[in-house]
Amino acid sequence: MQEIKKAAIGEKVSFDEGIIGIVEKVSEHAVIVTIIKNSTLHEFANNKTVVSHHKYKLIH
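Visitor: Can you explain the pattern of salt bridges? Please cite residues and give values.
Guide: For the structure on display, the rule yields 1 salt bridge. Put simply, Lys48 and Glu24 hold a salt bridge, and the shortest N to O gap is 2.9 Å. Within this pair, whereas Lys48 is found in strand E4 (residues 48-52), its partner Glu24 is found in strand E2 (residues 19-26), the two being separated by 24 residues in sequence. Assessed through its relative accessible area of 36%, Lys48 is described here as partly exposed.

Right, here's the structure in full:
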């Protein structure tokens, strides 16, 4: 099984084809992200969501 590169607090990640956020907290299986760009129809309470480590890509 391939090791997943986990994001760190403060890093930008992208997920769900057009959502970009900044990592606020990292747990064993997911990160809590504050949404900074959302070009989808998804809505998020308080502009925050939880994203699995398998579902995001780091933005450099």
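Read on for the rest.
Visitor: Explain the sheet that holds strand E5 (residues 57-59) residue by residue, including any values.
Guide: Overall, antiparallel pairing links the 5 strands, which are arranged E4-E3-E2-E1-E5 in an open sheet. Taken across any chain shown, the strands that pair with only one partner, and hence form the sheet edges, are E4 and E5. Adjacent strand axes in the sheet meet at a mean angle of 45°, parallel and antiparallel pairs treated alike. By the bridge criterion, 3 bridges tie strand E1 (residues 12-15) to E5 in an arrangement that is antiparallel. Its bridge partner being in E5, Ser14 is matched across the sheet by Lys57.

Visitor: I'd like to hear about the environment of Ser14, residue by residue, with values.
Guide: Inspection of the secondary structure puts Ser14 in strand E1. Apart from the residues lying within four places of it in its own chain, the contact partners of Ser14 are Ile19, Ile20, Lys55, Tyr56, Lys57 and Ile59.

Definitions and cut-offs
Residues numbered from 1 in each chain as written. Predicted model: local features only at pLDDT ≥ 70, side-chain atom pairs only at ≥ 80, totals over all residues. Heavy atoms only, no water. Salt bridge = Lys/Arg side-chain N within 4 Å of Asp/Glu carboxyl O. Helix = DSSP H or I, 4+ residues; strand = E, 2+ residues; numbered from the N terminus. Buried < 20%, exposed > 50% of the residue type's maximum accessible area, 1.4 Å probe, protein only. Pairing = 2+ DSSP bridges. Axes fitted to C-alpha atoms, helices over the stretch in contact; angles between N-to-C directions. Contact = heavy atoms within 4.5 Å.

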